Every structure is written in structure tokens, then in C-alpha cells.
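Take a look at the letters that make up each chain.
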Amino acid sequence: MPSLSPPNTPTRRAVLGAVSALLAGCSSRPDTSGTVPSDQPTDSSAPDRRTASPTPSERTLTLGPVRGDPFASGPVTVYRRPFADAIRHAAAGDAPARGVVETPIQAPEIPLGGVDRVAVEDPVGDAGGTYALALDSGAHVTVKLDLTEVNDPSPTATVYDAADLPKARRDAVAEAVGDGRAEVPIQRPTAQWILDELLGNAVRYENATYRAVRHTGTDNGFFETKVYWVLELDPAEGDPEATLRLPDIDSRVRSVVDSLLANQRSADGRSATVTTEGPVAAFARETDRLLGYDAVFEPTLSTP
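Fair warning: this is a prediction, and the values are worked out from it, not measured in the lab. (Residues numbered from 1 in each chain as written. Predicted model: local features only at pLDDT ≥ 70, side-chain atom pairs only at ≥ 80, totals over all residues. Heavy atoms only, no water.)

**Re the overall build of the protein**
As a reminder, the rule being used: The numbering of helices and of strands both runs from the N terminus, where a helix is a DSSP run of H or I of at least 4 residues and a strand a run of E of at least 2. Under the scheme applied here, a residue whose accessible area is under 20% of the maximum for its type counts as buried, over 50% as exposed, and between as partly exposed, the area being computed with a 1.4 Å probe on protein chains only. Using the Shrake-Rupley algorithm and a 1.4 Å probe, accessible areas are obtained, with residue cover drawn only from the displayed protein chains.
Assigned secondary structure in the protein consists of six helices and 15 strands. Counting all 304 residues of the protein, 35% fall into the buried class. Taken as a whole, the protein presents about 18600 Å² of accessible surface, with 48% of it coming from carbon and sulfur.

What follows is the structure, given as C-alpha cells:
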């Protein structure tokens, strides 16, 4: 029997084949919508969270004053640069090293009392050796001398003639006359002469006579924040009682340690948080003890 289908009409199988080919062609076209496939990174510089380095761990650095003999367990690092320089100067042997320095603390005193012989380790200088040590140090208290002009001094007063005085005493009198007051450091012999002999008596200076008066409120060393020292080092033999190190200290370390040494709110310890990989933690691990202006400190690292 002849077919009833119209001529040239595609069969069902041909239609399905054409549709399949069309769909395959659409799926192979590139994506022009601006959307980036999810399996490719949008920013090649962004870190991969699976491999990023962890945040550096932290430690608490504490500077606590050493109890007992601070020099018994090993070398002590001289932290304060002016006193380290004074040690180098004294070790050179030219003259005693003298200094007056402002400090962040009250009633400072270099804590080397009772030490008569020291070993100096100077990795960045020439001061290394063993020395006999003589140190005078303390709060930089001054004797404040006022001179009041008088016509007739007390008949019981001793009248000194400034022209006959040693130069240091004559200079103190001239300062008090010219400036209205002289301030003489308590450690100088002139200060002791003022306290023991001049006060209550009189002095003649350039045709005028002055009564010596001690300024009210003088010599209160508790509130003084300046420290003085007179240091002498002479080469010596024998076992040292203390070993002092004079290393070069990183400025980043000084920034942290300076802030701790300036904090007087806790006498038991002064602390800051530092990273374990940083220079401050490395310094703490390498340093047994620190010599400051008021005590010897022991740095310790602990978990916050």
C-alpha cells in the first residue's frame, strides 16, 4: 500500500537528531555574561586560606627586679647607654667617669653597691677586662645656697673672704651672688663645706658681706629623678664579683624596654606583650639580667 506521508516531510528520527545537534552547539559556546567559572580564582594575589601562614604567637615579657645577689648567676647587661659609655671611659684610664642623667624614676642609684671587682665584656668596644671598681652614685641632690647681703654680720659669725677660698668654693659664692642662688651637687666637697661651715656664717665678696642661708626645701632626694655617678676602673687580677656586658642593643628592643623601665606602678614586675619571632623576644631569651638605674632586672617570657 502506498505511503500517506506528504513528500519531503522529515521523519521523527531526523527531527530529534537536529534538536540534539542544536543543543550541543549552544553548550560549547564561550560564556560572555562576565561570570567567571567558580573553579578559577578571581584574584591571583589573594592568599589561599588553606596554605596561609598562621598569625605569630605572642608572649608576655616581664622585667622583674632580682631578689638577693643580682650578680651571682652570670653576666648582667648594662642596659643604660650613658652608663655603658661611662664604663668604657673609665676603663680607658684617663680620668674618672662622671655623669648626671635624667631618669624616669625617683631616687635613682646605680645598683653596684658592695661590688669591688668587675669583669667587663665589651663585644663592640675595647673595654674588656677585669677591673677594681670604685663607684659613688645616688640621687643628684643639690645643696641650694642663698646669700643675703648684710651690713653688720652677727658678732659670733665667721666671715670668710671669697678671695682666699679655693676656686670651687669661690665659684659657688660668685654664683649665689650673681644669680641669687647656687646649687652644688651633694657629692662634691664644696657642698659639704657649705653644710658644715658656711651656713649660719658670712662671706665677703667684692666689698659686700653676705649671710649664708640654706634654701628652704633643699636636699630632698626622695623626689629627685636625676642620678649621678663618679666611676673609676683600674686593671686588676683575681675573680670578679660581677660580670658586666656592654652589647649593642637594637633600637626596637630599647623602645619596648624603655617603656617598661619607666613604669613604676608595679614593683614586682613590668610587662608587655611581644611576638615570639620579634627582636624583643630574642633579646629576652639571650639576656639573663639587665642593669638599670634603680635595680637589676630579670627578663622572662611567658604565655599570655
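**Regarding the side chain of Thr60**
Short version of the rule: Any two residues whose heavy atoms approach within 4.5 Å at even a single point are treated as in contact.
Mapped onto the secondary structure, Thr60 falls in strand β1 (residues 58-65). Residues in contact with Thr60, not counting those within four places in the same chain, are Ser271, Ala272, Thr273, Thr300, Leu301, Ser302 and Pro304.

**A few points about the sheet that holds strand β2 (residues 76-78)**
In plain terms, the rule: In this analysis, strands are considered paired if DSSP registers two or more bridges between them.
Across the sheet, ten strands lie side by side as β3-β11-β5-β4-β12-β2-β14-β15-β1-β13; this open sheet has mixed pairing. Each edge of the sheet is formed by a strand with only one pairing partner; in this case those strands are β3 (97-102) and β13 (270-275). Note that β3 and strand β11 (residues 226-235) share six bridges and pair antiparallel. Note that in β11 the partner of Ala97 across the bridge is Leu231.

**Here we look at the pattern of salt bridges**
Just so we agree on the cut-off: A pair is scored as a salt bridge if a Lys or Arg side-chain nitrogen falls within 4 Å of a carboxyl oxygen belonging to Asp or Glu.
Evaluated as defined, the whole model comprises seven salt bridges. One salt bridge connects Asp171 with Lys167, and the closest N-O pair in it is separated by 2.7 Å. Here Asp171 and its partner Lys167 are both found in helix α3 (residues 167-179), four residues apart, which amounts to about one turn of the helix. Note on Asp171: relative accessible area 37%, which makes it partly exposed. Note that Asp250 is salt-bridged to Arg252, the shortest N-O span being 2.9 Å. Residue classification places Arg252 among the exposed positions, given a relative accessible area of 52%. When salt bridges that share partners are traced, they join Asp85, Arg88 and Asp122 into one network.

**Digging into the environment of Glu232**
Locating Glu232 in the fold gives a position in strand β11. In contact with Glu232, not counting residues within four places along its chain, are Ala90, Pro96, Ala132, Leu133 and Ala134.

**Topic: the nonpolar core**
Here is the rule we go by: Grouping buried Ala, Val, Leu, Ile, Met, Phe, Trp, Tyr and Cys residues that are joined through side-chain atoms within 4.5 Å yields what is termed a nonpolar core.
Phe83, Ile87, Leu112, Val118, Trp229, Leu231 and Leu233 are the most contacted members of the largest nonpolar core, which has 31 residues in total. For this core, the leading source of residues is helix α2 (residues 81-92), giving six residues. Contact partners of Trp229, with chain neighbours within four places excluded, come to Pro82, Phe83, Ala86, Ala97, Arg98, Gly99, Val101, Ile110, Leu135, Asp136, Ser137 and Tyr293.

**Comments concerning helix α5 (residues 251-261)**
Filter applied, for reference: In this context, the arc is that of the directions from the helix axis out to the C-beta atoms. The term polar contact refers here to a pair of N or O atoms within 3.5 Å; inside protein, the definition further demands a hydrogen-donor-capable atom paired with an acceptor-capable atom, and it admits residues adjacent in sequence only when both atoms are side-chain atoms.
Looking at α5, one finds that the buried residues are Val253, Arg254, Val257, Leu260 and Leu261. Take α5 and look down its axis: the buried residues cluster within an arc of 130 degrees, on one side only. Turned more than 90 degrees away from the buried face of α5, the exposed residues are Ser251, Arg252 and Ser255. Those residues of α5 that are buried are in contact with β1, α2, β13, α6 (279-286), β14 (290-291) and β15 (296-302). At the N-terminal end of α5, a side-chain oxygen is found 2.7 Å from the backbone nitrogen of Arg252, two or three residues along, and the residue is Asp250.

**Overview of the packing of α5 against α6**
Two measures define how a pair of helices packs: the angle their axes make with one another and the distance between the axes. Where we set the bar: The angle between two axes is taken between their N-to-C directions and runs from 0 to 180 degrees, where each axis is a line fitted to C-alpha atoms and a helix contributes only its stretch in contact. Throughout, the term roughly parallel applies to angles under 35 degrees, roughly antiparallel to angles over 145, roughly perpendicular to angles from 65 to 115, and oblique to all others. Any residue that is not Ala, Val, Leu, Ile, Met, Phe, Trp, Tyr, Cys, Pro, Asp, Glu, Lys or Arg is counted as polar, Gly included; the first ten are nonpolar and the last four charged.
Running from amino to carboxyl end, α5 crosses α6 at an angle of 80 degrees, the nearest separation of the two axes being 8 Å. Classified by the interaxial angle, the pair formed by α5 and α6 is roughly perpendicular. Contacts between α5 and α6 involve Arg252, Val253 and Val256 from the first element and Pro279, Val280 and Phe283 from the second. Residue composition of the contact of α5 with α6, by class: five nonpolar, no polar and one charged.

**Thoughts on the pairing of strand β4 (residues 117-121)**
Bridging between β4 and strand β5 (residues 129-139) involves four bridges; their strand directions are antiparallel. Bridge pairing in β5 places Val118 opposite Tyr131. Across four bridges, β4 lies against strand β12 (residues 242-245) in parallel orientation. Directly across from Val120, in β12, lies its bridge partner Leu244.

**Examining the confidence of the model for the protein**
Stated formally: Residue-level confidence of the predictor is what pLDDT reports, using numbers from 0 through 100.
Mean pLDDT over the protein stands at 81; residues scoring 70 or higher make up 77%. In this model, residues 1-9 is a region of pLDDT below 50 whose contacts with residues beyond four sequence positions or in other chains number zero contacts.

**Quick word on helix α4 (residues 189-198)**
Every buried residue of α4 is accounted for by Thr190, Ala191, Trp193, Ile194 and Leu198. In a view along the axis of α4, the buried residues occupy a sector of 160 degrees, so they form one face of it. Away from the buried face of α4 by more than 90 degrees, exposed residues Pro189 and Asp196 are located. Among the residues trailing α4, Gly200 stands out with phi positive, at a value near 90 degrees.

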